[in-house]
Amino acid sequence: MRTSNHLIGLLNFFTFLASIPILGGGIWLSSRANNTDCLKFLQWPLIVIGVSIMVVSLAGFAGACYRNTFLMYLYLWAMFFIIAALIGFVIFAYAVTDKGSGRPVLNRVYLEYHLQDYSGWLEERVTSQSYWMKISSCIRDSHVCAKTRRTYNSIPESAEMFYLRKLSPVESGCCKPPTECGYVYQNETVWIPGGGLVGADPDCVNWNNDQGQLCYNCNSCKAGVLASIRKSWRKVSVINIVILIILVIMYMVAIAAFRHNKRIDNDEPYGETRMEKSQPSRIHF
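None of the values given here were measured: they were computed from a predicted structure.

Reading guide: rules and limits
Along each chain, the written sequence defines residue order, and numbers are assigned to residues from 1. Per-residue local features of the predicted model are confined to residues with pLDDT of at least 70, and side-chain atom pairs are confined, for both listing and counting, to 80 or more; whole-chain, interface and lining totals are unaffected and use all residues. With hydrogens and water stripped out, all remaining heavy atoms of the structure feed into the side-chain values. Each helix is a run of DSSP H or I of at least 4 residues and each strand a run of E of at least 2, with the numbering of both proceeding from the N terminus. Classification of residues uses two cut-offs on accessible area relative to the type maximum, computed with a 1.4 Å probe and protein chains only: under 20% is buried, over 50% is exposed, and between them is partly exposed. Working definition of accessibility: Shrake-Rupley area with a 1.4 Å probe, residue cover restricted to the visible protein chains. Residues enter a nonpolar core if they are buried and are Ala, Val, Leu, Ile, Met, Phe, Trp, Tyr or Cys, with the set joined through side-chain atoms within 4.5 Å. Domain start and stop points were drawn from an automatic or database domain assignment. When checking whether two residues touch, look at their non-hydrogen atoms; a contact exists if any pair is within 4.5 Å. Cysteine sulfur atoms are paired as a disulfide whenever they come within 2.5 Å of each other. The rule for a salt bridge is simple: a side-chain nitrogen of Lys or Arg has to be within 4 Å of a carboxyl oxygen of Asp or Glu. Take the number of residues in a helix, subtract one, and multiply by 1.5 Å to get its expected span.

Secondary structure summary: the protein contains nine helices and six strands in total. The proportion of buried residues among the 285 residues of the protein is 44%. Counting only carbon and sulfur atoms, one obtains 62% of the accessible surface of the protein, whose full area is about 15300 Å².

What follows is about the nonpolar core. Proteins that are soluble and globular tend to have nonpolar side chains buried together. Core analysis: the biggest nonpolar cluster contains 69 residues, and Ile 22, Met 79, Val 126, Ile 135, Ile 139, Val 225 and Leu 247 have the highest contact counts within it. The element best represented in this core is helix 9 (residues 219–265), accounting for 17 residues. Here this core gathers at least three residues from each of two domains, domain 1 (1–99 + 233–266) and domain 2 (103–225). Ignoring anything within four residues of it in the chain, the contact list for Leu 247 reads Thr 15, Ala 18, Ile 22, Ile 53, Met 79, Ile 83 and Leu 86.

So, on to the state of the cysteines. In the structure shown here, the tally under the stated rule is four disulfides. Covalently, Cys 174 is tied to Cys 221 through a disulfide, its sulfur atoms 1.9 Å apart. Given an S-S torsion of about 90°, the disulfide between Cys 174 and Cys 221 has right-handed geometry. On the criterion of sequence distance, the pair formed by Cys 174 in helix 7 (residues 169–174) and Cys 221 in helix 9 is long-range, its members being 47 residues apart. The class of Cys 174 is buried, set by a relative accessible area of 0%. Disulfide pairing is shown between Cys 181 and Cys 204; the S-S distance is 2.0 Å. As the torsion about the S-S bond is roughly -90°, the Cys 181-Cys 204 disulfide counts as left-handed. Within this pair, whereas Cys 181 is found in the loop between helix 7 and strand 5 (183–187), its partner Cys 204 is found in helix 8 (residues 203–206), the two being separated by 23 residues in sequence. Take Cys 181: its relative accessible area is 2%, and that puts it in the buried class. Overall, the relative accessible area of 1% leaves Cys 204 in the buried class.

Okay, the environment of Leu 167 next. Within the secondary structure layout, Leu 167 lies in the loop between helix 6 (159–163) and helix 7. Since its relative accessible area comes to 10%, Leu 167 is described here as buried. The spatial distance from the C-alpha of Leu 167 to the C-alpha of Val 109 is 8.4 Å, given a sequence separation of 58 residues.

On to the pattern of salt bridges. Per the counting criterion, the structure on display carries four salt bridges. When the shortest N-O distance is used, the salt bridge between Asp 117 and Arg 103 registers 2.8 Å. Residue Asp 117 is found in the loop between strand 2 (111–112) and helix 4 (121–127), and its partner Arg 103 is found in strand 1 (residues 103–104); the two are separated by 14 residues along the sequence. With relative accessibility at 24%, the residue Asp 117 sits in the partly exposed group. On the basis of relative accessibility, which here comes to 33%, the residue Arg 103 falls in the partly exposed class. Of the charged contacts, one joins Glu 188 and Arg 165 as a salt bridge, the two residues approaching to 3.6 Å between their closest N and O atoms. On the criterion of sequence distance, the pair formed by Glu 188 in the loop between strand 5 and strand 6 (190–193) and Arg 165 in the loop between helix 6 and helix 7 is long-range, its members being 23 residues apart. For the pair shown, Glu 188 and Arg 165 are each scored as buried.

Right, let's talk about helix 5 (residues 129–142) for a bit. Spanning 14 residues, helix 5 covers 20 Å between terminal C-alpha atoms, matching the ideal 20 Å at 1.5 Å per step. Once helix 5 ends, the next one or two residues include His 143, with phi positive near 60°.

In short, geometric facts, not functional conclusions.
Here it is, written out as C-alpha cells:
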C-alpha cells in the first residue's frame, strides 16, 4: 500500500475524531433544550452534521485501506458538502445570535434581560405564541425557579444575599419580577408590591406569586431564554470554528494525496501536466 494511501487513511481517522466534538456539541445543546433553553429543534442540524462526518470518514478510511476509487470519490465529494453545511451553520448561528445581552442593575450582581434588545429570526421564533406556549411549559416543568431557593440552617436566604447571586438568564428573567417594578423580596420566587407605584413595564402586572405562573408570560422571561440560547450557541460555535479549520486543512491534504495516487495509477511523471480534453472541467480531484 502506497504512502499516500496510508496518509489518506490517517486523515480519515483524524476526521472521524474531529466529528466527536461536533456531535458532542449537538448532544449538549439537546440536553440544554430539555432543561434550560427549551428550544428543541436547534441541535438537530449539528447532530446530523456530526454523524455525517463520522459515516463519511469511515467510507474514506475503507477506500484508502482497500484502494477503492469509488469510495474515495464519495468521501471527497461528501466531505465538500458537509464542510459547506458546517460553514453555513456557523454563519447562521452567529447571524441569529448577534444581538442582545444582559443589562446591569444598580446594587445587584445578576443581570436583567429586556426583549427590545433582541430582534431577528430567533426572537420572532421564540416569541411566537405557538412556540412560547411550549417553551414556557418546558421551563415550568424543569422546575428551574424552584431550584433557585436556598436556605441556611432552615432560614430562607435574605434579600441582601439574593442580590449578590449570579443568576442564569432564565432564572433572572422568569423567576422574579424586574427590579424597576419595585416589588419587595420575600424569598426567591415570592415578591410583594412595595409602597410606591408599580413600574410602567408590562411585566410588572404580569408577575404572579402563583408558583405555576411567576413571570413565565413576561417579556423578560422570553429575553432570558434568548440570552440563554445565545450563550449556548456561542460556546458551541467556537468549538465548531476550530474543528472546521482542522477539517478544511485535512481535506486539502486528502485531495493532494488522492491526486498523487491518480498520477501514479496513470503512470504520470511527477510534475507533468497533461490535458485530458480540450475543455477540462473546472472542478476535479
